[in-house]
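Now for the letters of each chain:
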Amino acid sequence: MRIAPWVAMAITLVVLSANHDDDDDLDTLCRCSMVSWDLDSRAPIWTDAIRRAMRTVRPATVIDVGCGPFREGPYVSQVLLYMGPRGTYLGVDQDSETIARHAELTRGAARVSHSCGDFLAGEWPRHDLAITKCFVCLFYQGDQAPVVEKIRAAADWWLFYDSFNHPDPTSYLRSLGTVEFVIERCPGNPEYTRCGLLKFLR
């Protein structure tokens, strides 16, 4: 029997919240987890990718590039849960309404911060993990290399759900570092042709 993504998220919230001793943060997680899921085939793939990435990297710091307006589900609550009460999350987006929405959902959580602005134009401290979802493909018609290099400068690991304009995207990703896992041609979503986790070469 297939479990709906929101049910799985609720179970995860109950199990992992036992590791949180900060009531404000727990309240934040509950607010995030109540956001409606986009129940298409993307949600299970992305949920599983986050779980695998967080268990592999065990990041203390995460930068979410193009954090978006939560259309694709409350994955921020997953990230916060797996990071534990001392992990920090930074969401970056150019859209002020998106940042306002994030700020409202995560109000009261001192370990969550947001930045409204152009990721490519900013200077960012090195994080353990960068997350991008449909960010690189925004530059699909142009040169994606500067975008990827900026992500590399901002983090040691990269969790992505995106499309790449390289003739051989998988080989391209392997040239950037160690690919922990990659899902190609995500079912039902040809616009997102790769979902995976890699550790950048330095």
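Right, let's walk through the structure included here. (Residues numbered from 1 in each chain as written. Predicted model: local features only at pLDDT ≥ 70, side-chain atom pairs only at ≥ 80, totals over all residues. Heavy atoms only, no water.)

1. Concerning the overall build of the protein chain
Alright, step 1. Scanning the protein chain from N- to C-terminus turns up 7 helices and 7 strands.
Alright, step 2. Ordering the α and β elements of the protein chain from the N terminus gives α-α-α-β-α-β-α-β-β-α-β-α-β-β.
Alright, step 3. Contacts in the protein chain between residues far apart in sequence, at least 24 positions, make up 73% of those at least 6 positions apart.
Alright, step 4. Taken as a whole, the protein chain presents about 9600 Å² of accessible surface, with 53% of it coming from carbon and sulfur. (Helix = DSSP H or I, 4+ residues; strand = E, 2+ residues; numbered from the N terminus. Contact = heavy atoms within 4.5 Å. Areas by Shrake-Rupley, 256 points an atom, 1.4 Å probe, with all protein chains shown as cover.)

2. A few points about the nonpolar core
Alright, step 1. Core analysis: the largest hydrophobic core is formed by 25 residues, its most contacted members being Trp46, Val79, Tyr89, Leu129, Leu159 and Leu197.
Alright, step 2. Listed by contribution, the elements that provide at least two residues to this core are α3 (42–57), α4 (75–83), β4 (127–133), β5 (155–162) and β7 (194–200).
Alright, step 3. The element best represented in this core is α3, accounting for 7 residues.
Alright, step 4. Apart from residues lying up to four places away in sequence, leucine 197 is in contact with Ala53, Thr56, Val57, Leu129, Trp157, Trp158, Leu159, Phe160, Thr178, Val179, Glu180 and Phe181. (Core = buried A, V, L, I, M, F, W, Y, C linked by side-chain atoms within 4.5 Å. Buried < 20%, exposed > 50% of the residue type's maximum accessible area, 1.4 Å probe, protein only.)

3. Focus: the sheet that holds β5
Alright, step 1. The strand order β3-β2-β1-β4-β5-β7-β6 describes an open sheet built from 7 strands, whose pairing is mixed. The open sheet is flanked by β3 (112–116) and β6 (177–184), the only strands paired with a single partner. Taken pair by pair, the neighbouring strands of this sheet meet at an average axis angle of 15 degrees, ignoring direction.
Alright, step 2. Across 4 bridges, the pairing between strand β1 (residues 61–65) and β4 is parallel. Bridging from a neighbouring strand, isoleucine 63 pairs with alanine 130 of β4. (Pairing = 2+ DSSP bridges. Axes fitted to C-alpha atoms, helices over the stretch in contact; angles between N-to-C directions.)

4. Notes on helix α5 (residues 96–105)
Alright, step 1. Three or more residues of α5 are buried, namely Thr98, Ile99, His102 and Leu105. Summarising the axial view, the buried residues of α5 lie within an arc of 130 degrees, below the 170-degree limit, and thus occupy one face.
Alright, step 2. Measuring from the side-chain oxygen of the N-cap residue of α5 to the backbone nitrogen of glutamate 97 gives 3.2 Å; that N-cap residue is aspartate 95. (Arc of directions from axis to C-beta. Polar contact = N/O pair within 3.5 Å; in protein donor to acceptor, adjacent residues only side chain to side chain.)

5. Points about the pattern of salt bridges
Alright, step 1. For the structure on display, the rule yields 6 salt bridges.
Alright, step 2. Between glutamate 123 and lysine 150 there is a salt bridge, with its nearest N and O atoms 3.8 Å apart. Here lysine 150 lies in helix α6 (residues 145–154) and glutamate 123 lies in the loop between β3 and β4, a separation of 27 residues in the sequence.
Alright, step 3. Residue glutamate 123 is classed as exposed on the basis of its relative accessible area of 71%.
Alright, step 4. On the accessibility criterion, lysine 150 (17% relative accessible area) is buried.
Alright, step 5. Among the salt bridges present, the one from aspartate 156 reaches arginine 202, with a minimum N-O distance of 3.3 Å. Of this pair, aspartate 156 sits in strand β5 while arginine 202 sits in the segment after β7, and the two are 46 residues apart along the sequence.
Alright, step 6. Salt bridges here are not isolated pairs; linked through shared partners, they connect Asp48, Arg51 and Arg52. (Salt bridge = Lys/Arg side-chain N within 4 Å of Asp/Glu carboxyl O.)

6. Here's the deal with the state of the cysteines
Alright, step 1. By the definition in use, this model includes 0 disulfides.
Alright, step 2. Not engaged in a disulfide, the cysteine cysteine 137 finds its nearest cysteine sulfur in cysteine 134; these two sulfurs lie 3.2 Å apart. (Disulfide = S-S within 2.5 Å.)

7. Here we look at the pairing of β1
Alright, step 1. Counting buried positions over the 5 residues of β1 gives 4, a clear majority of the element.
Alright, step 2. As defined by bridge partners, β1 adjoins strand β2 (residues 88–93) across 5 bridges and the pair is classed as parallel. Residue pairing across strands places valine 62 opposite tyrosine 89, the latter belonging to β2.

8. Thoughts on the environment of histidine 102
Alright, step 1. Its location among the elements puts histidine 102 in helix α5.
Alright, step 2. Look at histidine 102 and you get buried, because its relative accessible area is 0%.

9. Focus: the packing of aromatic side chains
Alright, step 1. Tallied over the entire structure, the rule returns 7 aromatic pairs.
Alright, step 2. Seen in terms of ring centroids, phenylalanine 119 and tryptophan 124 are 5.8 Å apart; in terms of plane orientation they differ by 15 degrees. Their pairing is stacked.
Alright, step 3. Centre to centre, the rings of phenylalanine 160 and phenylalanine 164 are 5.7 Å apart; their planes meet at 85 degrees, and the pair counts as edge-to-face. Each member of the pair, phenylalanine 160 together with phenylalanine 164, is buried.
Alright, step 4. What links up through ring pairs into an aromatic cluster is the set Trp158, Phe160, Phe164, Tyr172 and Phe200. (Phe/Tyr/Trp six-rings, centres within 6.5 Å; stacked < 30°, edge-to-face > 60°.)

In short, geometric facts, not functional conclusions.
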